[in-house]
Amino acid sequence: MSHYYDVIVLGPELPGLLAGGLLARRGFRVLLARDPGDPADTYQANGHTFSRLPLPLLGLDGPAWRRILGELNLTQSLRRRLVAQRPAYQVLLPDHRLDGDPDRALTEIERELPAAREPLEAFFGRAEALARVLEPLLSQDVTLPPDGFWERRELGRIRPHLPAPSEDLLPGLGAATPGRAVAELPAQLSSDLYPPGPVASLRLCELWRRGAFRLPGGRDVLRKLLDERVQTHSGEVTQVVVSELSVKRGRVVGVVTQPRGEVLGCGFVVASMPTARLVALLGEQAPRRLSATAQAMPPKAWRFVHNLVLAAEGVPEGLAEHAFIAADLARPPEEENALALHVGEAAQAGRASLQVVALARSTDPAYLALLGARVRARLSDALLPFLERHLVCVDSPHEGVGAPPMEPVYESTEPGPLGVGVTPLVTGIKGLYVVGRQTLPGLALEGELVSAWGVARMISLAEKKRDPLKRDVLLSG
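Each chain has its residues counted from 1, running along the sequence as written. Reporting in this predicted model follows two pLDDT cut-offs: at least 70 for local features of residues, and 80 or more for side-chain atom pairs to be given and counted; totals over whole chains, interfaces and linings ignore these cut-offs and use all residues. Excluded from the side-chain calculations are hydrogens and water; all other atoms, namely the structure's heavy atoms, are used.

**Notes on the overall build of the protein**
At step 1: Secondary structure summary: the protein contains 15 helices and 20 strands in total.
At step 2: For the radius of gyration, the atom set is restricted to C-alpha positions; the globular benchmark scales as 2.2 Å times the number of residues to the power 0.38. Its C-alpha atoms give the protein a radius of gyration of 22 Å, within 12% of the compact-globule value 23 Å for 477 residues.
At step 3: Relative accessibility under 20% of the residue-type maximum defines a buried residue, over 50% an exposed one, and the middle range a partly exposed one, all with a 1.4 Å probe and only protein chains included. Per-residue burial for the protein yields a buried fraction of 57% across its 477 residues.
At step 4: Values of accessible area rely on a 1.4 Å probe in the Shrake-Rupley scheme; residue burial ignores everything except the protein chains shown. Accessible surface computed for the protein: about 20,400 Å², of which carbon and sulfur atoms make up 51%. To qualify as a helix, a DSSP run of H or I must reach at least 4 residues; to qualify as a strand, a run of E must reach at least 2; elements of each kind are numbered from the N terminus.

**Quick notes on the pattern of salt bridges**
At step 1: Here, a salt bridge means any side-chain nitrogen of Lys or Arg that lies within 4 Å of a carboxyl oxygen of Asp or Glu. Applying the stated criterion to the full structure yields 31 salt bridges.
At step 2: Among the salt bridges present, the one from E135 reaches R203, with a minimum N-O distance of 3.0 Å. Of the two residues, E135 sits in helix α5 (residues 117–139) while R203 sits in helix α8 (residues 197–210), which places them 68 residues apart along the sequence.
At step 3: Close ionic contact of E206 with R210 constitutes a salt bridge, the shortest N to O distance being 3.0 Å. Separated by 4 residues within a single helix, E206 and R210 lie in helix α8, roughly one turn from each other.

**Points about the pairing of strand β12 (residues 251–258)**
On a regular strand, each side chain points to the face opposite its neighbour's, so the side chains alternate between the two faces of the sheet.
At step 1: At least two bridges found by DSSP between two strands is the condition for calling them paired. As judged from the 7 bridges shared by strand β11 (residues 241–248) and β12, these two strands associate in the antiparallel manner. Among the inter-strand pairings, V242 is bridged to a residue of β12, identified as T257.
At step 2: Remark: 2 residues form the turn of the hairpin made by β11 and β12, two consecutive strands paired antiparallel; R249 in that turn has positive phi of roughly 50 degrees.
At step 3: Counting the residues between successive antiparallel strands, the hairpin from β12 to strand β13 (residues 263–271) contains 4 residues, one of them, G261, with a positive phi of roughly 75 degrees.

**Re the packing of aromatic side chains**
At step 1: Between 30 and 60 degrees the pair is tilted, below 30 it is stacked and above 60 it is edge-to-face, where a pair is any two Phe, Tyr or Trp rings, Trp via its six-membered ring, whose centres lie within 6.5 Å. In this structure the tally under the stated criterion is 6 aromatic pairs.
At step 2: Between the aromatic rings of W208 and F324, the centroid separation amounts to 5.2 Å while the plane-to-plane angle is 90 degrees, which identifies the pairing as edge-to-face. Here F324 lies in strand β15 (residues 322–326) and W208 lies in helix α8, a separation of 116 residues in the sequence. As far as the burial class goes, W208 and F324 line up, both buried.
At step 3: Ring-pair connections join several aromatic residues into one group, and the members of that group are Y89, W208 and F324.
At step 4: It is R26 that lies over the ring of W453; its NZ or CZ is 5.1 Å from the centre. By definition here, charges over rings are those cases where NZ of Lys or CZ of Arg is within 6 Å of the ring centre and within 35 degrees of the ring normal.

**Considering the packing of α5 against α8**
At step 1: Where α5 meets α8, the axes come as close as 8 Å, and the angle between the chain directions of the two elements is 95 degrees. Here α8 runs roughly perpendicular to α5, going by the angle between their axes. Between α5, through F123, F124, R126, A127, E128, L130, A131, L134, E135 and L138, and α8, the contact on the second element is made entirely by V199, S201, L202, R203, C205, E206, R209 and R210.
At step 2: Under this grouping Gly is polar, as are all residues other than the nonpolar Ala, Val, Leu, Ile, Met, Phe, Trp, Tyr, Cys and Pro and the charged Asp, Glu, Lys and Arg. Grouping the constituent residues of the contact of α5 with α8 by class yields 10 nonpolar, 1 polar and 7 charged. Angles run from 0 to 180 degrees between N-to-C directions of axes, and those axes are lines fitted to C-alpha atoms, restricted for helices to the stretch in contact. Roughly parallel means an angle under 35 degrees; roughly antiparallel, over 145; roughly perpendicular, 65 to 115; everything else is oblique. For this analysis, residues touch if any pair of their heavy atoms sits within 4.5 Å.

**So, the sheet that holds strand β9 (residues 212–214)**
At step 1: Pairing is antiparallel across the open sheet formed by 3 strands, whose spatial order is β5-β9-β6. Of all the strands in the sheet, just β5 (57–58) and β6 (83–84) have a single pairing partner and so form its edges.
At step 2: Taken together, the 2 bridges between β5 and β9 define a ladder with antiparallel strand orientation. Counted as the bridge partner of L58 is A212 from β9.

**What to know about the environment of P178**
At step 1: Among the structural elements, P178 can be located in helix α7 (residues 178–190).
At step 2: A relative accessible area of 24% places P178 in the partly exposed class.
At step 3: For the pair formed by P178 and A326, sequence separation is 148 residues and the distance between their alpha carbons is 9.4 Å.
At step 4: Among residues more than four places away in sequence, those in contact with P178 are L93, H96, L113 and L329.

**Section: α8**
At step 1: Taking 1.5 Å of rise per residue, 14 residues should cover 20 Å, and α8 covers 20 Å from first to last C-alpha, within 8% of that figure.
At step 2: Extensive coverage of α8 is indicated by the burial of 12 of its 14 residues.
At step 3: All of the buried residues in α8 are P198, V199, A200, S201, L202, R203, L204, C205, E206, L207, W208 and R209.
At step 4: The first or second residue beyond α8 is G211, which carries a positive phi of 135 degrees. Expected span, for any helix, means 1.5 Å times one less than how many residues it has.

**Let's talk about the packing of helix α10 (residues 275–282) against helix α11 (residues 288–296)**
At step 1: For the pair α10 and α11, the least separation of the axes is 9 Å and the interaxial angle reads 145 degrees. Regarding α10 and α11, the two cross each other, and that crossing is left-handed. In this structure, α10 uses T275, A276, L278, V279 and L282 to contact α11, whose residues at the interface are L290, S291 and A294.
At step 2: When grouped by side-chain class, the residues that make up the contact of α10 with α11 number 6 nonpolar, 2 polar and no charged. Two helices that cross are described as forming a left-handed crossing if the nearer one is turned anticlockwise from the farther one by less than a right angle, and a right-handed crossing if clockwise.

**Some thoughts on unusual backbone geometry**
At step 1: The amide bond that connects Y194 to the next residue, P195, takes the cis arrangement and shows omega of -5 degrees.
At step 2: Position of P195 relative to the elements: it lies in the loop between α7 and α8.
At step 3: For the bond from Q258 to P259, the omega torsion is 5 degrees, close enough to zero to count as cis.
At step 4: Counting through the fold element by element, P259 comes out in the loop between β12 and β13.

**Things to note about the confidence of the model for the protein**
At step 1: One number per residue, pLDDT, summarises how confident the predictor is, and it ranges from 0 to 100. On average, residues of the protein score 89 in pLDDT, and 95% of them reach the 70 mark or higher.
At step 2: Low pLDDT, under 50, characterises residues 468–477; the stretch is placed with 11 contacts to residues that sit more than four places away or in other chains.

**Describing the nonpolar core**
At step 1: In terms of nonpolar packing, the biggest core is built from 96 residues, with V7, V30, L57, L120 and I459 touching the most fellow members.
At step 2: Per-element tally for this core: the top contributor is helix α14 (residues 444–462), with 9 residues.
At step 3: We call a set of buried Ala, Val, Leu, Ile, Met, Phe, Trp, Tyr and Cys residues a nonpolar core when their side-chain atoms join them within 4.5 Å. Formed by 26 residues, the second largest nonpolar core is a distinct cluster that contains W302, I325, V343 and L354.

Printed below as a string of structure tokens:
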């Protein structure tokens, strides 16, 4: 065994990188092992640079972001780069267009949808009330999903204040009404859980209404900032292909790399990837519990991304940078019937970039090619009547031979104590943790932050050999 690390982080998902940064800051020797086969966050097509997935930043004033950025000393560095979105978002319906900012929303609802004002006001009020219950929990040094008695006790204390999993949060509105779409559409198209459920719907609504930010450069810039933090604290970032995990007497002791079969030793492994991919790495060593978890949260849909560049005059005046579009309110929010639209600046003057996201029902290439045409047709009908005239370039990272897989949106058969979907951080193998979009998918990006903090906490508590005085000095800054 030629190299040894305290923690090895595997997989492309953001929570592993965040957990690695926190652990490096706390004095652990961390290796971020990047698989060169994982797709980059951006790609080139027809002379343009596109992102594979949008990154609207929500809840930056909340405890999940605040404590991670504070410990990593990234608060000011990140905020200098952020661009605030005003309005934070819009909901575009066949006969209505409403801004989502709290100071304007109820006025616009009174004008556009007067019959829906009372139930929507109650919905927004419940979202604020949920924040007052949930955020004190997220600010504590607890692990979610719960790992012990104290975490389960804290969840038990707030459970009476949470809506029931089957509760209708808008009892005064019909199933296919514009008012219901105004409340539900942002969560339906933002959550990694489908359908998102009452807690996720309320929480994501509250985060969107508080404000959204754009980070120029997107995930690439965020990853670089976090890589620098790991390397600042003696961690390493490298590209390596891991073929399997080395497990002895029920404990992970290293990772086996290709092509030479070299073993990189470690005390802990953080698998920042879908559970099914981790099960494949473990092979016959995979615990039944982990395999059952992978089966309990299968993909329900996939995020199909469509990137467009068009002349700036083709973008309607007053369009927010984030907009949620619905056509037939009686149909599910899938395919071209419901779109999340993200507007950005193109690299060339006089042009604009649009990233459109739809929930696809299949990963079949022929289906995706047809879906792309249907998405453009819906945009033309609903928002951009002269789209073809202004269109400069169109591309999807999911079409064509060898295209990378789409991001799944999960269905949870075991929604867990918060009703937002739960994949436990622990795997049944000592020292091996799984973290990622499957952990708390109902909470989307905030769930990723919470799970990253949780796995860093569990590893910090599990490591008994470190000098406590050194740890206290590191944590105090």
